[in-house]
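Chains, contacts and geometry: an overview
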Amino acid sequence: MDTRVIEVRTGGRPAVVDLTSQVAEFCHSRGDGLLSVFTPHSTCGLALIEVGAGSDRDLWTVLERVFPRKGDWLHRHGSPGHGGDHVMPALVSPSLVLPVLDGRPTLGIWQSVVLVDPNRDNPVRRVRLSFLSG
Amino acid sequence: MDTRVIEVRTGGRPAVVDLTSQVAEFCHSRGDGLLSVFTPHSTCGLALIEVGAGSDRDLWTVLERVFPRKGDWLHRHGSPGHGGDHVMPALVSPSLVLPVLDGRPTLGIWQSVVLVDPNRDNPVRRVRLSFLSG
Amino acid sequence: MDTRVIEVRTGGRPAVVDLTSQVAEFCHSRGDGLLSVFTPHSTCGLALIEVGAGSDRDLWTVLERVFPRKGDWLHRHGSPGHGGDHVMPALVSPSLVLPVLDGRPTLGIWQSVVLVDPNRDNPVRRVRLSFLSG
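Summarised in this report is the structure supplied together with it. Along every chain, residues carry numbers that run from 1 in the direction the sequence is written. A letter from A marks each chain and a number from 1 marks each ligand, given out in the order of writing. Thresholds applied to this predicted model are a pLDDT of at least 70 for local features of residues and 80 or more for the giving and counting of side-chain atom pairs; totals over whole chains, interfaces and linings are not thresholded and use all residues. Values shown for side chains rest on all heavy atoms present in the structure; no hydrogens or waters enter the calculation.

The next subject is the overall build of chain A. Assigned secondary structure in chain A consists of three helices and eight strands. Secondary structure is summarised from DSSP: a helix means a run of H or I of at least four residues, a strand means a run of E of at least two, and numbering begins at the N terminus for each. Tracing chain A from N to C terminus, the helices and strands come up as β-β-α-β-β-α-α-β-β-β-β. On C-alpha atoms alone, chain A measures out to a radius of gyration of 15 Å, which is about the 14 Å that the 2.2 N^0.38 rule sets for 134 residues. Summarising its shape, the C-alpha atoms of chain A cover approximately 50 × 30 × 25 Å along the three principal directions. Here the globule rule reads 2.2 Å times residues to the power 0.38, and the radius of gyration is calculated from C-alpha atoms.

Structure representation (structure tokens):
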């Protein structure tokens, strides 16, 4: 298994960061197999969505409805509403698997691999890419 | 890695389509390994739920609450409320991995693999099955 | 592929059960690869969240909002609101993949692997661990 950790600059605000080109670059010339994309943080998730047409901002509308920043969270520390950030990964998982053929992830034309980080207290995140060939 | 794309007829309306028998057929006589089920569309997801007892329709009730068709989505094109369809895959992932033993996915008796497609504008969808033996 | 089924005692109430030590023990001395964590029940999910600081209870607040026990579910049997339990796995998937390096799951310091079981009618659950080395 080949594996690499990439650093992702999210800045100090809720961020949806497109990782597609880094994922593609990692898979390049590796043949066929399964790619695990994994982020080791307790307030981040990974998703496959279209970016650039508004859906990344629409995602925040949904997340605010499900995990309201004004919610009465038991887990309290950091920025207001941060307790909800800690529940998000139960629904937006930090683990994602992509099939890879001939060194290319078999994504659809409108699919991007994104890191979803509602947390405003950590400007840099890590994502592990692991390729198991078959 | 053995891989195949199947076409799924969803018709022109929101659909939960049971793929279990096609998944089982693909795994048949392949031994042990991991099966990736993946759909390359930006408005579809995959899920493991019981079908035939009402849960497939209950799922739409939940999705309508989380992604309301009357929502004020930034991503606007196609049918009304289609912007919400584009966020759904962040919570109902288009990627799913199943353990396979002796050519059989180790599903529970009430679990079915389903394609969840809220989109009414595309009557045919694709799903990629990829088996990595171990 | 090495695989094992573990039994998880959830008791007769909604439960978030930490499986991290059992997952770590299973991976021990297995080298590098991908670990599939899978539960074959139609009303359970798996998640990676922090435990012990309130997030496990915050998770129930979110699940009650999305799958209200007083909801008018079509799937009716068992305890009141059980129909919602049957939809939960569409959003909290019963399948999870973890990268493993040198016999250790590459979890973040605050991440725990948990079984999420809203069902109060089944006191014992099963989880299958499957390791594919690479």
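With respect to the element layout, Ser55 of chain C can be found in helix H2 (residues 55-66). Relative accessibility thresholds used throughout: buried, under 20% of the residue-type maximum; exposed, over 50%; partly exposed, between the two (1.4 Å probe, protein chains only). Note on Ser55 of chain C: relative accessible area 1%, which makes it buried. Discounting chain neighbours no more than four positions away, the residues touching Ser55 of chain C are His75, His86 and Val87 of chain A together with Ile49 and Glu50 of chain C. Any two residues whose heavy atoms approach within 4.5 Å at even a single point are treated as in contact.

This part covers unusual backbone geometry. Residue and element names in this part refer to chain A. Backbone geometry at Ser29 places phi at a positive 65 degrees, although glycine is not the residue there. Locating Ser29 in the fold gives a position in the loop between helix H1 (20-27) and strand E3 (33-38). By relative accessible area, which is 65% here, Ser29 ends up exposed.

With that out of the way, let us pick up the relation of the copies chain C and chain B. When the copies are superposed, the least-squares fit draws on C-alpha atoms of residues that have pLDDT of at least 70 in both. When chain C is brought onto chain B, the operation consists of a screw motion whose angular component is 120 degrees and whose axial shift is 0.0 Å, with 0.0 Å RMSD remaining. Here the symmetry operator amounts to a three-fold rotation axis. Judged by C-alpha distance, Leu91 of chain C is the residue of chain C that lies nearest the rotation axis, at 3.2 Å.

Taken together, the 28 residues of chain C in the interface contact 32 residues of chain B. Buried area is a sum: the accessible area each of two parts loses on coming together, probed at 1.4 Å, counted once for each and added. Roughly 2,400 Å² is buried in total at the junction of chain C and chain B, and carbon and sulfur atoms are behind 68% of that figure. We define a salt bridge as a contact between a side-chain nitrogen of Lys or Arg and a carboxyl oxygen of Asp or Glu at a distance within 4 Å. Summed over the shared surface of chain C and chain B, the number is zero salt bridges. Whenever two N or O atoms come within 3.5 Å, that pair is a polar contact, provided that in protein one can donate a hydrogen and the other can accept it, and provided that, for residues adjacent in sequence, both atoms are side-chain atoms. Our count for the chain C to chain B interface comes out at nine residue pairs in polar contact (both at pLDDT 80 or more). For the side of chain C that touches chain B, the secondary-structure elements that each account for two or more residues are strand E3 (33-38), H2, strand E5 (95-101) and strand E8 (124-133) of chain C. For the side of chain C that touches chain B, the element with the most residues is E8 of chain C, which contributes three residues. Looking at the side of chain C that touches chain B, its residues break down into 15 nonpolar, 11 polar and two charged. Just so you know the grouping, Ala, Val, Leu, Ile, Met, Phe, Trp, Tyr, Cys and Pro go in nonpolar, Asp, Glu, Lys and Arg go in charged, and all remaining residues, Gly too, go in polar.

Turning our attention to the interface of chain A and chain C. Between chain A and chain C, the contact holds 28 residues from the first and 32 residues from the second. Both sides of the chain A and chain C interface together cover about 2,400 Å² of buried area, and 68% of this is carbon and sulfur. The largest contributions to the chain A side of the interface with chain C come from Met1, Phe38 and Leu132 of chain A, which together make up 23% of the buried area. Run the count over chain A and chain C and you get zero salt bridges. Inspection of the chain A/chain C interface yields nine residue pairs in polar contact (both at pLDDT 80 or more). With three residues, the single largest contributor to the side of chain A that touches chain C is strand E8 (residues 124-133) of chain A. Among the residues making up the side of chain A that touches chain C, the classes are represented as 15 nonpolar, 11 polar and two charged.

Turning our eyes to something else, we now look at the packing of aromatic side chains. What counts as a ring pair is set by centres within 6.5 Å for rings of Phe, Tyr and Trp (its six-membered ring), and what kind of pair is set by the plane angle: stacked under 30 degrees, edge-to-face over 60, tilted for all other angles. A full pass over the atoms with the stated rule returns zero aromatic pairs over all chains. Only lysine NZ and arginine CZ atoms are considered, and such an atom sits over a ring when it is within 6 Å of the ring centre and within 35 degrees of the ring normal. The ring of Phe26 of chain A is capped by Arg30 of chain A, whose NZ or CZ atom sits 4.2 Å from the centre of that ring.

The next point concerns the pattern of salt bridges. Residue and element names in this part refer to chain C. Inspection of every chain in the model, using the stated rule, returns 15 salt bridges over all chains. The residue Asp117 makes a salt bridge to Arg125 at a minimum N-O spacing of 2.9 Å. On the accessibility criterion, Asp117 (0% relative accessible area) is buried.

To define a nonpolar core, start from buried Ala, Val, Leu, Ile, Met, Phe, Trp, Tyr and Cys residues and group those joined through side-chain atoms within 4.5 Å. Phe67 of chain A, Phe67 of chain B together with Phe67 of chain C are the most contacted members of the largest nonpolar core, which has 46 residues in total. Discounting residues that sit within four places of it in the chain, Phe67 of chain A has contacts with Trp73, Gly84, Val87, Met88 and Leu91 of chain A together with Val62 and Arg65 of chain C.

Moving on, we get to the sheet that holds strand E4 (residues 45-49) of chain C. Whether parallel or antiparallel, the strands of a sheet pair through hydrogen bonds between backbone atoms. All names here are of chain C. Here, strands pair whenever DSSP counts at least two bridges between them. With antiparallel pairing, the three strands of this open sheet are ordered in space as E2-E7-E4. Looking at the sheet topology across the chains shown, the edges are occupied by strand E2 (15-18) and E4. Across the sheet, the axes of successive neighbouring strands diverge by a mean angle of 30 degrees, strand direction being ignored. In this structure, E2 lies alongside strand E7 (residues 112-117), joined through four bridges in antiparallel fashion. Bridging from a neighbouring strand, Asp18 pairs with Val114 of E7. Axes here mean lines fitted to C-alpha atoms, for a helix over just the part in contact, with angles spanning 0 to 180 degrees between N-to-C directions.

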